[in-house]
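As a plain string of letters, each chain reads:
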Amino acid sequence: MEGLKDQNNSGENGYNVHMADAKELLEQQFLEMRWRTLSLAADLDRIGRASRGGEVLKSDPKVVKLRKAFELLMGEGEGRAEKLQMIFSDMTPPPK
Amino acid sequence: MGGPPMSHEMKFIDPHIHCVSRTTDDYLFMARAGVVAVSEPAFWAGYDRSSASSFADYFRHLMEVEPKRAARYGIDQYCWLCINAKEAEDVALSREVIKLIPPLLDHPLVLGVGEIGLNKNTRNEITVFEEQVEVAAKYNQLILIHTPHLEDKHKGTSIITSILKNDKRIKPERVLIDHCEEHTIRMARDNGFWAGLTIYPVSKITPARGTDILEAFGPEMICVNSASDWGESSPSMLVDTALEFRRRGHSEKELEHIFYGNPCRFFGQSGKWKLKAEA
């Protein structure tokens, strides 16, 4: 099924108003993205400052998953949100 | 925020909200925002109930008390009955509760069985889920599905869709798989089920991500909801998502299709839902 983005970009729906291009979207989102990144950095700093912080940041399975997620964010390709969801998903088999 | 405003006549339906845990201020907000109808699935109260009689009272609350509260604000209120996935870990209690349900299914405001599903994907939860699917199949009811949260969501959604697909009595278009996210919506839609998107201020899909999913997957067979309950959640999430959708340049016609028409199309299959999707 066609997504809405495709339908709208086709220009067939005359009632739609202007939709932003990538550069405009980045301009609109940049400050919030920057803020979210800083937020994560501060979260990691806070954990690092706490008792056993170094050890947790180095080897805790949750942090390991976060590192994988950060690598994914920096990679090429589409579907980052879906791939990131899978990093945080339990992939063990169902109960018998 | 820029972008075109929404018409003051825009109508919304919140297809999944737990009004028993919301204040009258929330009803007032919904009425002002254009919410004209809601559907309220049976869910976990925030604590495990001690007996089936507690559920009997809860069902009466859903069928009789809450619709009267909603009506004061001009909102139509419907509900769903079940034992939720979390309390389903107690199989004996669950079976007592399940016995209460069939005699209530003819009530004019009961749309079907829900929200049934899984929480931690345990064997007991699966057993109780299958027994409630049996009730829905036997009495030809619509089904509203709760999928687990966070790391359990993908596995739980996979188990649920497998069970439903293997039961030939279940028509996928009469099932709404709720709390879908980026990694589970295909499991619902590609198998012919309706998909629900739950928009939360924290921990679940945000209005921006919800709009991303609507853009990527198109408007068909998706219901957007707030699933507002006793936790950090808000009825405004429904309208905030509509605003984000409109801000990105989508038309009011598309907005109406998703936020009003789709719930009417799914719930309309019950024969009890009164509102009609506009052409």
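Counting from 1, residues in each chain are numbered in the order their sequence is written. A letter from A marks each chain and a number from 1 marks each ligand, given out in the order of writing. Confidence filtering applies because this is a predicted model: local features only for residues at pLDDT of at least 70, side-chain atom pairs given and counted only at 80 or more, and all residues used for totals across whole chains, interfaces and linings.

K.L.:
Can you lay out the overall build of chain B for me, pointing to particular residues and giving the numbers?
P.N.:
Helix and strand assignments come from DSSP, with helices taken as H or I runs of at least 4 residues and strands as E runs of at least 2, each series counted from the N terminus. Scanning chain B for helices and strands turns up 9 helices and 8 strands. Each radius of gyration is computed over the set of C-alpha atoms, and the globule rule expresses the reference value as 2.2 Å times the number of residues to the power 0.38. In terms of C-alpha radius of gyration, chain B reaches 17 Å, essentially the compact-globule figure of 19 Å for 279 residues. With the C-alpha coordinates of chain B rotated into their principal frame, the extents come out at 55 × 40 × 35 Å. Between the buried cut of 20 or more and the exposed cut of 12 or fewer other C-beta atoms within 10 Å of a residue's own C-beta lies the partly exposed class, and all C-beta atoms are placed from the backbone. Relative to its full complement of 279 residues, chain B shows a buried share of 49%. Two residues qualify as a contact pair if the distance between their C-beta atoms, derived from the backbone, is within 7 Å. Long-range pairs, those at least 24 residues apart, make up 73% of the contacts in chain B between residues at least 6 apart in sequence.

K.L.:
Give a detailed account of the confidence of the model for chain B, specifying residues and quantitative values.
P.N.:
Values of pLDDT, the confidence the predictor places in each residue, fall between 0 and 100. In this model, chain B carries an average pLDDT of 96, and 97% of its residues clear a pLDDT of 70 or more. Model confidence for the complex: the whole-complex pTM is 0.92, and ipTM, which rates the interface, is 0.84.

K.L.:
Talk me through the sheet that holds strand S7 (residues 194-198) of chain B; I want residue IDs and the actual numbers.
P.N.:
All names here are of chain B. Note: two strands are recorded as paired if DSSP finds a minimum of 2 bridges between them. Strand order in the open sheet formed by 8 strands is S1-S2-S3-S4-S5-S6-S7-S8, and the pairing between neighbours is parallel. Bordering the open sheet on either side are strand S1 (12-14) and strand S8 (222-225), each of which pairs with just one other strand. Each neighbouring strand pair of the sheet contributes to a mean axis angle of 25 degrees, computed without reference to strand direction. Of the strand pairs in this sheet, strand S4 (residues 110-117) and strand S5 (residues 142-146) are connected by 5 bridges, and their pairing is parallel. Within S5, the residue paired with isoleucine 116 across the bridge is isoleucine 145. Axis definition: a line fit to C-alpha positions, over the contact stretch in the case of helices; interaxial angles, taken between N-to-C directions, run 0 to 180 degrees. Along the sheet, helix H4 (residues 123-138) makes contact with S4 and S5, crossing S4 at roughly 160 degrees.

K.L.:
Any chance you could break down the nonpolar core for me, citing the residues and the numbers?
P.N.:
All names here are of chain B. Grouped together as the largest cluster of nonpolar side chains are 77 residues, with contacts concentrated most on Trp80, Leu81, Ile177 and Ala195. The element best represented in this core is helix H9 (residues 252-267), accounting for 6 residues. Non-local contacts of isoleucine 177, meaning those with residues more than four positions away in its chain, are made with Ile145, Thr147, Thr157, Ala188, Phe193, Trp194, Ala195 and Gly196. The term nonpolar core refers to a group of buried residues, namely Ala, Val, Leu, Ile, Met, Phe, Trp, Tyr and Cys, whose C-beta atoms join them within 7 Å.

K.L.:
Give a detailed account of unusual backbone geometry, specifying residues and quantitative values.
P.N.:
Residue and element names in this part refer to chain B. Looking along the chain, the bond that leaves glycine 114 and enters glutamate 115 is cis, with omega of -5 degrees. Looking at the element boundaries, glutamate 115 is found in strand S4. Backbone geometry at asparagine 121 places phi at a positive 60 degrees, although glycine is not the residue there. Judged by the 22 C-beta atoms lying within 10 Å of it, asparagine 121 falls in the buried class.

K.L.:
Tell me about the packing of helix H7 (residues 207-217) of chain B against helix H8 (residues 236-247) of chain B, residues and numbers included.
P.N.:
Residue and element names in this part refer to chain B. Where H7 meets H8, the closest approach of the two axes is 9 Å, and the angle between their N-to-C directions is 55 degrees. Accordingly, the angle class assigned to the pair H7 and H8 is oblique. As H7 packs across H8, the resulting crossing turns out to be right-handed. Together, Pro207, Ala208, Gly210, Thr211 and Leu214 of H7 and Met237, Asp240, Thr241, Glu244 and Phe245 of H8 make up the contact between the two elements. Small angles under 35 degrees read as roughly parallel and large ones over 145 as roughly antiparallel, with 65 to 115 read as roughly perpendicular and the rest as oblique. In this scheme the crossing of two helices becomes right-handed for a clockwise turn of the near helix relative to the far one and left-handed for an anticlockwise turn of less than a right angle.

K.L.:
Can you tell me about the packing of helix H4 (residues 61-74) of chain A against helix H5 (residues 80-87) of chain A, naming the residues and giving the values?
P.N.:
Residues and elements named next belong to chain A. Axis separation between H4 and H5 bottoms out at 10 Å; the angle between their running directions is 165 degrees. Judged on the interaxial angle alone, H5 and H4 are roughly antiparallel. Helix-helix and strand crossings are classified by hand; for H4 and H5 the assignment is right-handed. In this structure, H4 uses Lys65, Lys68, Ala69, Leu72 and Leu73 to contact H5, whose residues at the interface are Arg80, Lys83, Leu84 and Ile87. Each residue is assigned to one class: nonpolar for Ala, Val, Leu, Ile, Met, Phe, Trp, Tyr, Cys and Pro, charged for Asp, Glu, Lys and Arg, and polar for all the others, Gly among them. Split into classes, the residues belonging to the contact of H4 with H5 amount to 5 nonpolar, no polar and 4 charged.

K.L.:
Which residues make up the pairing of S4(B), and what are the values?
P.N.:
Residues and elements named next belong to chain B. Taking burial as the measure, the 8 residues of S4 include 8 buried ones, the bulk of the element. Bridge count for strand S3 (residues 76-81) against S4 is 3 bridges, and the pairing is parallel. Paired with tryptophan 80 across the two strands is glycine 112, which belongs to S4. A right-handed crossover is one whose linking path, passing over the helix from the first strand to the second, runs clockwise when the strands point away from the viewer. For the crossover from S4 across H4 to S5, the handedness is right-handed.

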